[in-house]
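Chain and residue survey
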Amino acid sequence: MSTHVDVALHPIDDPKFAARCKATLDANGALVLEGFFRAESIEKIVAQSATQVDGVFYAGSTHNVYLTDADESLPPDHPFNRQVVSSKGLIADDQVPQDSPLREVYGSAIFQRFLCDVLGIDAIYPYADSLSSINVHFADAGRELGWHFDNSSFAVTMLLQKPEGGSRFEYVANVRDADAGEMGFDQVGSVLDGQAHVDVLDFEPGALVLFRGRNSMHRVTPTEGDTTRLLAVFAYNDEPDVRLSDSALTTFFGRTS
Ligand SMILES: O=C(O)CCC(=O)C(=O)O
Ligand SMILES: [Fe+2]
């Protein structure tokens, strides 16, 4: 664990440190810990990822911001149905090498305890399917992640490689209330029209980012320049034995196993 995480800078086993991180996440909806992962570990993951470009899956599709099918009873220009482009690619968990530092950190009890403390939950579990737990996103020039809300209540990411330009993480907090069924159509429409104020979260390779993306609309703008944006996503559940449905697996990974 401390091979890969700078625990002197980020003492994740100290409850007082975790409490400060929780306060930041609760206040801002996002937590950025710069320099969380050591440079040598990032270099190893980037080098491993560079050998995997042929295995990257590009869904090559458009989607609405709610990541659902369209509602045919509403017009195509309704905020529920408006389509955005996500052209980034990914490799799935079963393509991440066994000796990747990502696996050691993802599975670390100390790291998972820290996440639970910061997120205010009792326990977290990996996905029961073979694809979802650890993903690496790839976005070379022109590729982007369109505006969306996450299905999961929290996201844990780690930037591996930052392009020369573009690839800005933009978000608008509290646009909808998923649990209350409040869809936020007016604000979704104005964000898609480029009329709303958006916040930008800037972070460097090695940063750990925790983000509450279920009700905050967010996107990553197209990469500019020759350097591919590489980002690891750690996906967990707050219950054991959860697997994505075959249709969701097919949408996200192009296969079910
Ligand atoms: O690429 C990022 O920084 C965010 C990724 C994201 O929003 C997602 O995977 O849902
Ligand atoms: Fe997201």
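Before reading on, note that the structure itself is shown above.
1. Thoughts on the overall build of the protein chain
When helices and strands are tallied, the protein chain shows six helices and 15 strands. Relative to a compact globule of 257 residues, whose C-alpha radius of gyration would be 18 Å, the protein chain shows 18 Å and is just as compact. With respect to the principal axes defined by its C-alpha atoms, the protein chain has extents near 55 × 40 × 40 Å. Buried residues in the protein chain amount to 33% of all 257 residues. Considering only intrachain contacts with a sequence separation of at least 6, the fraction spanning at least 24 residues in the protein chain is 86%.

2. Some points on the sheet that holds strand E13 (residues 217–220)
Strand order across the open sheet formed by four strands is E7-E13-E10-E11, with antiparallel pairing between neighbours. Every interior strand has two partners, whereas the edge strands, strand E7 (145–148) and strand E11 (199–201), have only one. Pairs of neighbouring strands in the sheet enclose a mean axial angle of 20 degrees, with direction left out of account. Here strand E10 (residues 169–172) pairs with E11 via three bridges, running antiparallel.

3. Remarks on the sheet that holds strand E15 (residues 229–234)
Taken in spatial order, the seven strands make up an open sheet running E1-E12-E8-E15-E6-E5-E2, and their pairing is antiparallel. Only two strands of the sheet have a single partner each, and these edge strands are strand E1 (30–33) and strand E2 (57–58). Here strand E8 (residues 155–161) pairs with strand E12 (residues 208–211) via four bridges, running antiparallel. Bridge assignment links Met-158 to a residue of E12, and that residue is Leu-208. In the packing of helix H1 (residues 15–28) onto the sheet, the strands contacted are E1 and E12, and the crossing angle to E1 comes to about 135 degrees.

4. With respect to the nonpolar core
Within the largest apolar cluster, 44 residues are counted, with the highest numbers of intra-cluster contacts made by Leu-160, Leu-210 and Ala-232. Tallying contributions element by element places helix H4 (residues 109–119) first for this core, with five residues. Aside from chain neighbours lying at most four places away, what touches Leu-160 is Ile-42, Ile-45, Val-46, Ser-49, Pro-205, Leu-230, Leu-231 and Ala-232. Grouped together as the second largest cluster of nonpolar side chains are twelve residues, Phe-149, Phe-169, Met-217 and Val-220 included.

Definitions and cut-offs
Residues numbered from 1 in each chain as written. Chains lettered and ligands numbered in written order. Predicted model: local features only at pLDDT ≥ 70, side-chain atom pairs only at ≥ 80, totals over all residues. Helix = DSSP H or I, 4+ residues; strand = E, 2+ residues; numbered from the N terminus. Rg over C-alpha atoms; globule rule 2.2 N^0.38 Å. Buried ≥ 20, exposed ≤ 12 C-beta atoms within 10 Å, placed from the backbone. Contact = placed C-beta atoms within 7 Å. Pairing = 2+ DSSP bridges. Axes fitted to C-alpha atoms, helices over the stretch in contact; angles between N-to-C directions. Core = buried A, V, L, I, M, F, W, Y, C linked by C-beta atoms within 7 Å.

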